[in-house]
Amino acid sequence: SIAYLLPESKTARYETQDRPLFEAKVEEECPDCDILYSNADQDTAKQQQQVEAAITEGVDVMVLDPVDSAAAAGLVTRAKDAGIPVISYDRLILDADLDYYVSFDSVEVGKQQGEALSEKLADEGSPKGPIVQINGAPTDNNAKLFKEGSTGVFDQEGVEIAKEYDTPDWSPDEAQVEMEQAITSEGENGFNGVYAANDGTAGGAIAALKSAGIAPASKPVTGQDAELAAIQRILAGEQYMTVYKPIRPLAENAAELAVALAQGEDPPEGLITGEQDNGQEQVPTVFLETIPVFRDNIEDTIVKDDFWSVDEICTKAYAQDCKDAGLQ
């Protein structure tokens with residue numbers, strides 16, 4: 001039996017992509033395997049209860065995507081004391097004795113976002129910005145790595161930060177409030193772009209721009225996760241870009257690894273591609289590539305991989321945008 005524990009549902013991909021893809025791959029690899037699935041809804045106490053329930057259930061392996069990357073170390077200790085191997089999924093659990101980590105290179109994701117925004121600002125004649133930087137949740141180690149990657153680019157390119165925020169729980173509503181505060185503080189002419197760490201925070205930032213009567217197309221906004229709403233915003237010219245993290249290989253590699261551990265076997269040959277320092281040890285890691293997505297490569301990435309279909313993207317409200325982009 002395999003415990004599959006996800007952190008939250010505000011980011012759409014977890015329920016629409018990660019879970020079904022993981023479950024399908026486990027079913028394919030091990031039809032007799034049981035999956036104990038839980039989502040913590042961004043609640044550390046709830047995730048602790050879910051981990052305890054999985055330990056009580058006597059699962060053979062735990063795949064854990066932490067709500068809080070630091071606090072989850074205690075959860076790993078509990079599992080390991082019970083003889084249960086732990087795979088850190090998507091977000092790295094810090095200062096813990098992990099067996100494996102499966103994720104994307106989060107610093108590289110931040111670099112891709114930062115480079116895209118810096119190049120766009122330069123193309124529009126504002127190479128120094130300034131920008132509003134809306135980062136992710138301070139409890140998520142990935143958010144720190146995205147910030148590290150993007151800020152490194154901004155420092156190198158001389159892009160100035162007018163306002164910077166860390167967004168509790170990755171909440172789009174919080175991001176909207178942060179963007180409203182930045183607009184009030186800096187004025188419409190006080191910034192030339194928005195670094196939003198993911199598509200949820202991008203949606204909040206764009207809602208604030210529109211509420212203030214600012215055309216989102218005039219302030220390029222980044223994102224991440226290739227959420228359906230973000231792809232539609234990119235087609236409509238409201239969001240500049242997103243970073244496509246192919247969830248299928250993430251979920252399927254984690255499933256293969258979990259099945260192997262549950263059956264007492266070594267990981268499939270060639271699956272482990274590197275190591276990641278989590279503060280306690282070098283964790284054997286499966287690293288996966290990410291792809292910046294703009295209006296002109298949606299078809300060659302998102303659609304080609306069946307991440308979202310043309311029918312899903314091109315609803316009535318976006319029919320003309322799709323036609324203009326050559327998707328219909």
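Please read all numbers here as calculations on a predicted model, not as lab measurements.

1. Section: the overall build of the chain
Phase 1: Counting its regular elements, the chain contains 12 helices and 12 strands.
Phase 2: Relative to the 2.2 N^0.38 estimate, which gives 20 Å for 328 residues, the radius of gyration of the chain is 20 Å and therefore close to what a compact globule would have.
Phase 3: Counting every position in the chain, which comprises 328 residues, the buried fraction comes to 53%.
Phase 4: Here the analysis covers contacts within the chain between residues at least 6 apart in sequence; of these, 71% occur between residues at least 24 apart.

2. Observations concerning the packing of aromatic side chains
Phase 1: This structure, assessed with the given rule, holds eight aromatic pairs.
Phase 2: Arranged with centres 5.5 Å apart and planes meeting at 75°, the rings of Y4 and Y89 form a pair that is edge-to-face. In this pair, Y4 sits in strand β1 (residues 2-6) while Y89 sits in strand β4 (residues 86-89), placing the two residues 85 residues apart along the sequence. You'll find Y4 and Y89 in the same group, each marked buried.
Phase 3: Note on F146 and W170: the rings are 6.2 Å apart at their centroids and 70° apart in plane angle, and the pair reads as edge-to-face. One end of the pair, F146, is in helix α5 (residues 141-157); the other, W170, is in the loop between β7 (161-166) and α6 (172-186), with 24 residues separating them in the sequence.

3. A closer look at the state of the cysteines
Defined simply, a disulfide is a covalent bond joining two cysteines at their sulfur atoms.
Phase 1: Using the criterion set out here, one finds two disulfides in the structure.
Phase 2: Here C30 pairs with C33 through a disulfide, and the sulfurs are 2.1 Å apart. Taking the sign of the torsion about the S-S bond as the criterion, the disulfide between C30 and C33, at about 80°, is right-handed. With respect to class, C30 is no different from C33; both count as buried.

4. Side note on the environment of P31
Phase 1: Of note, P31 is situated in the loop between α1 (13-29) and β2 (35-39).
Phase 2: We classify P31 as exposed; its relative accessible area is 55%.
Phase 3: Sequence separation between P31 and D81 is 50 residues, and the spatial gap between their C-alpha atoms is 28 Å.

5. Quick look at the environment of A143
Phase 1: Its place among the elements puts A143 in helix α5.
Phase 2: The exposure class assigned to A143 is buried, which follows from its relative accessible area of 4%.
Phase 3: Spatially, the C-alpha atoms of A143 and A208 are 22 Å apart, while their sequence positions differ by 65 residues.
Phase 4: For A143, the residues in contact, after removing those within four places along its chain, are G136, A137 and W170.

6. Thoughts on the pattern of salt bridges
Phase 1: Applying the stated rule across the entire model yields 20 salt bridges.
Phase 2: Ionic pairing is found between E124 and K120, a salt bridge with its closest N-O pair at 3.2 Å.
Phase 3: On the accessibility criterion, E124 (39% relative accessible area) is partly exposed.
Phase 4: Owing to a relative accessible area of 23%, K120 belongs among the partly exposed residues under this scheme.

7. Comments concerning the pairing of strand β10 (residues 274-277)
Phase 1: Sheet topology places β10 next to strand β11 (residues 282-288); four bridges connect them, and they run antiparallel. Of the residues in β11, the one forming a bridge with D277 is Q282.
Phase 2: Joining the antiparallel neighbours β10 and β11 is a turn of four residues, in which G279 adopts a positive phi near 95°.

8. Focus: the nonpolar core
Phase 1: Counting 44 residues, the largest nonpolar core has F22, I87, I231, I298, I302 and I313 as the members making the most contacts within it.
Phase 2: When neighbours within four sequence positions are excluded, I87 is seen to be in contact with V61, M62, V63, L64, Y100, V102, A254, L257, A258 and L261.

9. Topic: a negative patch on the surface
Phase 1: A cluster of acidic residues, D105, E108, E115, E119, D123 and E157, forms a negative patch on the protein surface.
Phase 2: Residue contributions to the negative patch peak at four residues, all from helix α4 (residues 106-123).
Phase 3: As for its placement among the helices and strands, E115 is situated in helix α4.

10. Considering the sheet that holds β7
Phase 1: Taken together, the three strands give an open sheet; going across it, the order is β7-β6-β8, and neighbouring strands pair in parallel fashion. Lying at the two open borders of the sheet, with one neighbouring strand each, are β7 and β8 (193-196). Across the sheet, the mean angle separating the axes of adjacent strands is 10° when strand polarity is ignored.
Phase 2: In the sheet, strand β6 (residues 131-135) pairs with β7 via five bridges, with the strands oriented parallel. The residue bridging V132 from the neighbouring strand is K163, located in β7.

How each quantity is defined
Every residue gets a number counted from 1 within its own chain, in the order that chain's sequence is written. Totals for whole chains, interfaces and linings use all residues, but because this is a predicted model, local features are given only for residues with pLDDT of at least 70 and pairs of side-chain atoms are given and counted only at 80 or more. Computation of side-chain values covers all heavy atoms of the structure but excludes hydrogens and water. Secondary structure elements are defined from DSSP: runs of H or I of at least 4 residues count as helices, runs of E of at least 2 residues count as strands, and each element is numbered from the N terminus. In this treatment the radius of gyration is a C-alpha quantity, and the globule benchmark scales as 2.2 Å times the residue count to the 0.38 power. Only protein chains enter the calculation, and the probe is 1.4 Å; a residue is then buried if its accessible area is under 20% of its type maximum, exposed if over 50%, and partly exposed in between. Should any heavy atoms of two residues lie within 4.5 Å, those residues are considered in contact. Aromatic rings from Phe, Tyr and Trp, with only the six-membered ring used for Trp, were paired whenever their centres fell within 6.5 Å, and each pair was classed as stacked if the ring planes differed by under 30 degrees, edge-to-face if by over 60, and tilted otherwise. A pair of sulfur atoms, both from cysteines and within 2.5 Å, is called a disulfide here. Any Lys or Arg side-chain nitrogen located within 4 Å of an Asp or Glu carboxyl oxygen qualifies as a salt bridge. Whether two strands pair depends on DSSP finding at least two bridges between them. Take the buried Ala, Val, Leu, Ile, Met, Phe, Trp, Tyr and Cys residues and link them wherever side-chain atoms come within 4.5 Å; each set so joined is a nonpolar core. Like charges are joined within 9 Å and nonpolar side chains (Val, Leu, Ile, Met, Phe, Trp, Tyr) within 5 Å, but only among residues with over 30% relative accessible area and no salt bridge; these make up the patches. Per-residue and other accessible areas follow the Shrake-Rupley method at a 1.4 Å probe size, with only the shown protein chains counted as cover for residues. Under this rule, positive means Lys or Arg and negative means Asp or Glu; His and the chain ends count for nothing. By convention, the charge on Lys lies at NZ, on Arg at CZ, on Asp at CG and on Glu at CD. Note on method: axes are straight lines fitted to C-alpha atoms, helices fitted across the in-contact stretch only, with angles between N-to-C directions ranging 0 to 180 degrees.

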